[in-house]
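Results of the structural survey
Read off the chains here:
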Amino acid sequence: MTTDHGHPAVRMYIAGEWCHGGSGTTAPIVNPATEEAIGEVPLATPADLDRALGAAEEGFRVWRATPVAERTAILHTAADLIAERAVAIGRVSTLEQGKPLAESTGEARRTAETLRWHADDARRAYGRIIPSEPGTVLTVRRQPIGPVAAFVPWNFPVGGPNRKISSALSAGCSLVIKASEETPATAMELVRCYADAGLPAGVLNLVFGEPAEVSAHLIASPVTRLVAFTGSVPVGKLLAAEAGKVMKSSLMELGGHAPVIVCADADPVQAARKAAQAKFANAGQVCTSPSRFLVHESLVEDFTAEFVRAAEALTVGDGLAEDTKMGPLANERRLKAMERLTADAVARGAKVLTGGERPDRPGYFFAPTVLTDVPEDADLLHEEPFGPLAPILSYGDLDEALATANALPYGLAAYGFTRSAATAERLSDELEAGILSLNHCGGSVHEAPSGGVKDSGYGREGGPEALDAYLVTKRVSHLLVP
Ligand code: NAD
């Protein structure tokens, strides 16, 4: 079913059924490229949430008792469906979130691969047998933690929800997931792939609602065993505290403010091209987006010139248009944040080399922006921009650059460019970040863990570590002859 705008009619998915929920209350879904409402998202009542929790409790009993080979087969079928439907899912995602269609479709394809990786990895969630006293078998087993309450934002409308869903289901857990109310049809189409693959009712439940009410309700419930969140640092701290009060484990994938250190021996043109490409992907709305460019003073002129050239070469437009390389911001909040951060930096003496304003057209567009002479006290150097702003700073020696890079309370991603193995090792040792990329600005990969240190959170997604939060370790010592 679709709305008058041709957008999928959004439903929640509870206990194996697509439903409106009991409140009859909805919120509008807005296309950020046009500012038009394209649909509505139903908001859950406490009774809807209780039904979802009850379903997840029952779903956990069923799913954990399902042989792992059968679970894996269902998850692989879901991955096939996601891959088959990648273009259709990508289109829905672009309409809701704004990123170029190639990025949305690529995200959906990668999502299928991520699911396959986790499903296969769960088959190797080995425990161990420990040499012990004769007549005793001492083992360590890994078991699913139980029903998961997951909360995900709007910047990766397919990949974000799927990271939680694929890890949890692969580990044998059930879920109630609250996807973003701003990108709900995308989450619904993702969940539909799992439903169509034959996932038993209740194993995966999708709800929408007033975020603080939903999270308070789901976290407090005795059914929930793990709280998994991706989003901003302040909300993450709030949810971690709520989980702590009821002694629930939590997994926190929070924001950052990623430094890029371009060392004196790097190629400034290559570094600028790679850094600019990463900076403006998804209009900068990526938790690992490079956001503070620390360039050795001998290279800063060449680096800046190439960075500005790359920013100006980007075609900004509706994500559905073929030539678009950067879409709008996903919502008005981000647009206002770009205007505020730019105005604050300029008021303190920063120079805007390109961009710095919204183009004269409808939609939450903001031009790719490069700033220099940004003083240390500008908000832009402390607050994660989560948008297309690139402050370029110069430094004299590496100690100074490392001190600046590590000065913030965040520690998610960091980047370094150098031709020296010794310098690369120093950056690897000393940069306070959970994810470090050297001589490139690669994104997340499902084979390897991603996650933060310091205020950027704890726990890892991707790689074998992705299952850790969803599994508990049990020691069993078995005396054979009692
Ligand atoms: P926000 O802090 O209002 O919300 C972030 C996400 O958390 C949203 O999906 C929102 O629905 C959800 N949320 C908010 N309050 C909640 C609550 N009490 N319980 C459960 N979920 C809740 O910020 P925003 O305006 O949507 O995004 C802006 C900031 O969020 C960015 O500046 C960025 O720092 C951060 N962010 C980080 C990521 C990430 O991948 N780490 C993703 C999106 C946003």
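Residues numbered from 1 in each chain as written. Predicted model: local features only at pLDDT ≥ 70, side-chain atom pairs only at ≥ 80, totals over all residues. Heavy atoms only, no water.

**Section: the packing of helix α3 (residues 86-97) against helix α4 (residues 101-122)**
The geometry of α3 relative to α4 is characterised by a closest axis approach of 8 Å and an angle of 130° between their N-to-C directions. Taken together, α3 and α4 sit at an angle that is classed as oblique. Pair α3 / α4 crosses with right-handed handedness. Where α3 abuts α4, its residues A86, V87, G90, R91, S93 and T94 lie against L101, S104, T105, A108 and R109. Taken together, the residues of the contact of α3 with α4 sort by class into 4 nonpolar, 5 polar and 2 charged. (Axes fitted to C-alpha atoms, helices over the stretch in contact; angles between N-to-C directions. Helix = DSSP H or I, 4+ residues; strand = E, 2+ residues; numbered from the N terminus. Parallel < 35°, antiparallel > 145°, perpendicular 65-115°, else oblique. Left-handed = near helix turned anticlockwise from the far one by under 90°. Contact = heavy atoms within 4.5 Å. Nonpolar A, V, L, I, M, F, W, Y, C, P; charged D, E, K, R; others polar.)

**A short note on the site of the ligand**
Around the ligand sit 23 residues in total, of which W154, S215, S232, R333 and E384 are the nearest. Within the side chain of S215, an N or O atom sits 2.7 Å from a nitrogen atom of the ligand. The contact in question runs from a nitrogen atom of the ligand to an N or O atom on the backbone of G231, over 3.3 Å. Bound to the protein, the ligand loses 85% of the 800 Å² it would expose on its own. Broken down by secondary-structure element, the contributors of at least two residues to the shell around the ligand are α7 (211-220), β10 (226-230), α8 (233-245) and α11 (332-347). Per-class residue counts for the shell around the ligand are 12 nonpolar, 6 polar and 5 charged. Shared between two domains, the shell around the ligand holds at least three residues of each, these being domain 1 (12-254 + 456-475) and domain 2 (258-447). (Near = heavy atom within 4 Å. Polar contact = N/O pair within 3.5 Å; in protein donor to acceptor, adjacent residues only side chain to side chain. Areas by Shrake-Rupley, 256 points an atom, 1.4 Å probe, with all protein chains shown as cover. Domains from an automatic or database assignment.)

**A few points about the sheet that holds strand β15 (residues 369-372)**
Read across the open sheet, the 7 strands follow the order β14-β15-β16-β13-β12-β17-β18; overall the sheet is mixed. This sheet does not close on itself; its edge strands, each paired only once, are β14 (351-354) and β18 (435-438). In this sheet, adjacent strand axes meet at a mean angle of 25° when their direction is disregarded. The sheet strands contacting α11 are β14, β15 and β16 (389-395), and the helix crosses β16 at an angle near 30°. (Pairing = 2+ DSSP bridges.)

**Some details on the domain arrangement of the protein chain**
In terms of domain boundaries, the protein chain breaks down into domain 1 (12-254 + 456-475) and domain 2 (258-447). Distance between the C-alpha centres of domain 1 and domain 2: 30 Å. Contacts between domain 1 and domain 2 engage 30 residues on the former and 31 residues on the latter. Between domain 1 and domain 2, the buried area comes to about 2,400 Å², and carbon and sulfur atoms account for 56% of it. (Buried area = accessible area lost by both parts, 1.4 Å probe.)

**Re the side chain of H257**
Within the secondary structure, H257 sits in the loop between β11 (249-253) and β12 (258-262). A polar side-chain atom of H257 sits 2.7 Å from a polar atom in the side chain of S291. Within the structure, the side chain of H257 is placed 2.7 Å from the backbone oxygen of L380, a separation counted as a polar contact. The residues contacting H257, other than those within four sequence positions of it, are S291, R292, L380, L381, H382, E383, E384, P385, L408 and Y410.

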